[in-house]
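This is what each chain is made of:
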Amino acid sequence: MATNAQALPLRHYLQFTDLTADEYAHLFKRAAFIKAKFKAYEKYQPLTDRTLAMIFEKASTRTRVSFEAGMYQLGGSVVHLTTGDSQLGRAEPIEDSARVISRMVDLVMIRTYGQDKIENFAAHSRVPVINGLTNEFHPCQILADIFTYIEHRGSIQGKTVAWVGDGNNMANTWLQAADLLGFKVNLSTPSGYEVDPSVVGVRSAASTQFFKDPMQACEGADLVTTDVWTSMGYEAENEARKKAFADWCVDEDMMKIAKPDALFMHCLPAHRGEEVSAEVIDGPQSVVWDEAENRMHAQKALMEFLLLGQI
Ligand code: CP
Ligand code: NVA
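Residues numbered from 1 in each chain as written. Chains lettered and ligands numbered in written order. Predicted model: local features only at pLDDT ≥ 70, side-chain atom pairs only at ≥ 80, totals over all residues. Heavy atoms only, no water.

Draft legend 1. Structural view of the sheet that holds strand E3 (residues 107–111). Strand order in the open sheet formed by four strands is E2-E1-E3-E4, with parallel pairing between adjacent strands. The sheet is open, and its two edges are formed by strand E2 (77–82) and strand E4 (129–131), each paired on a single side. The mean angle between the axes of side-by-side strands here comes to 20 degrees, regardless of whether they run parallel or antiparallel. Pairing geometry for strand E1 (residues 51–56) and E2, over six bridges, is parallel. The residue bridging threonine 51 from the neighbouring strand is serine 77, located in E2. (Pairing = 2+ DSSP bridges. Helix = DSSP H or I, 4+ residues; strand = E, 2+ residues; numbered from the N terminus. Axes fitted to C-alpha atoms, helices over the stretch in contact; angles between N-to-C directions.)

Draft legend 2. How the structure looks around the packing of aromatic side chains. Applying the stated criterion to the full structure yields seven aromatic pairs. Judged by centre distance (5.5 Å) and plane angle (90 degrees), the ring pair of phenylalanine 33 and tyrosine 44 falls under edge-to-face. Of the two residues, phenylalanine 33 is situated in helix H1 (residues 21–39) and tyrosine 44 in the loop between H1 and E1; the sequence distance between them amounts to eleven residues. On the basis of relative accessible area, phenylalanine 33 is assigned to the partly exposed category, the value being 34%. A relative accessible area of 17% places tyrosine 44 in the buried class. Here a set of aromatic residues connected by ring pairs shows up, and it is made of Tyr13, Phe16, Tyr24 and Phe28. (Phe/Tyr/Trp six-rings, centres within 6.5 Å; stacked < 30°, edge-to-face > 60°. Buried < 20%, exposed > 50% of the residue type's maximum accessible area, 1.4 Å probe, protein only.)

Draft legend 3. Expanded view of the site of ligand 2. Contacts to ligand 2 come from Leu133, Asn168, Asn169, Asp227, Val228, Ser231, Met232, Cys267 and Leu268. In the model, a nitrogen atom of ligand 2 is placed 2.6 Å from a nitrogen or oxygen of the aspartate 227 side chain. If ligand 2 stood free it would expose 270 Å²; the protein chains cover 94% of that surface. Each residue belonging to the shell around ligand 2 can be placed in one class, and the counts come to five nonpolar, three polar and one charged. (Near = heavy atom within 4 Å. Polar contact = N/O pair within 3.5 Å; in protein donor to acceptor, adjacent residues only side chain to side chain. Areas by Shrake-Rupley, 256 points an atom, 1.4 Å probe, with all protein chains shown as cover. Nonpolar A, V, L, I, M, F, W, Y, C, P; charged D, E, K, R; others polar.)

Draft legend 4. Fine view of the pattern of salt bridges. Scanning the entire structure with this criterion turns up 14 salt bridges. The residue lysine 35 makes a salt bridge to glutamate 151 at a minimum N-O spacing of 2.8 Å. Placement of lysine 35 in helix H1 and of glutamate 151 in helix H5 (residues 139–153) is noted, with a sequence separation of 116 residues between them. The shortest N-O distance in the salt bridge between aspartate 166 and arginine 241 comes to 2.9 Å. Here the residue aspartate 166 occupies a position in the loop between strand E5 (160–164) and helix H6 (169–181), and arginine 241 occupies one in helix H9 (residues 238–244), the gap between them amounting to 75 residues. Aspartate 166 gets classed as buried once you look at its relative accessible area, which sits at 6%. By relative accessible area, which is 5% here, arginine 241 ends up buried. Several salt bridges share partner residues, and in doing so they unite Asp166, Glu237 and Arg241 into one network. (Salt bridge = Lys/Arg side-chain N within 4 Å of Asp/Glu carboxyl O.)

Draft legend 5. Geometry of unusual backbone geometry. With an omega of 5 degrees, the peptide bond between leucine 268 and proline 269 qualifies as cis. Within the secondary structure, proline 269 is located in the loop between strand E9 (263–266) and helix H11 (278–281). At tyrosine 41, a position not held by glycine, the phi torsion is positive, near 55 degrees. You can see tyrosine 41 is positioned in the loop between H1 and E1. Backbone geometry at leucine 268 places phi at a positive 70 degrees, although glycine is not the residue there. For leucine 268, the position within the fold is in the loop between E9 and H11. Judged by its relative accessible area of 10%, leucine 268 falls in the buried class.

What follows is the structure, given as structure tokens:
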């Protein structure tokens, strides 16, 4: 039953700001419910006969597995496309691809380069489109990260997240989330790698503090998080980045200056000895494996919400 008939108003998930705080509260509850079913080996299949198309223009492990396994578990099926094995790689216009693909499936997930591409696809799609990572944003990851924080420590409201590293898609999305959900981000990026305020959008100044010194950003933090020094698509800058980011490695000293019960998160893949030390990522404060698993549970809640609304 790939109906395409949207009984609900069409909603996309292209940036963290596409949902309200109340809708996030609903998603976190649903993710916990769906996860509990999964852990109890109980079937939960509200998306029987629905189809998800996944379009990957960049590499992936977690996003591919979590969406594909998640959709099957919800009773649906998945079509996997890449630039190399579809007409996307032979310059078929995005608008035409969106019109065609969205006539045949119920939901589309895209991992691509510029945010403008996914926005353009969504503008011509009949079905909800989910951002599976762009150069600018990674909302599904922050959805899972906050769900993970809540599981371990309760509400994130009023808490402080220390971001140590690149002003990249993850940093941008943390900033959007802080403003929406009422927590703070202490941001420390090397000079020249700051976030671009025009990408993040209009926000209250109160939710972000900028620090030159990554140690200071970690002081008193409830959660310390980082990401690779070189994101996909920026490989040509690798050598310059290695020099610029040398002091932005989350190590045990940074974790010591954070709150004693601070958590460490990393969206993965990680480079031990670069953005994080092995002692930290493999240490007792690290919740990176829960975080990775929670991509699946959180995205199942998201897919349920986009296709069925708040059930
Ligand atoms: N964190 C994340 O999105 O991982 P993948 O690149 O493996 O999908
Ligand atoms: N910032 C990284 C995240 C990978 C999941 C990238 O865009 O490559």
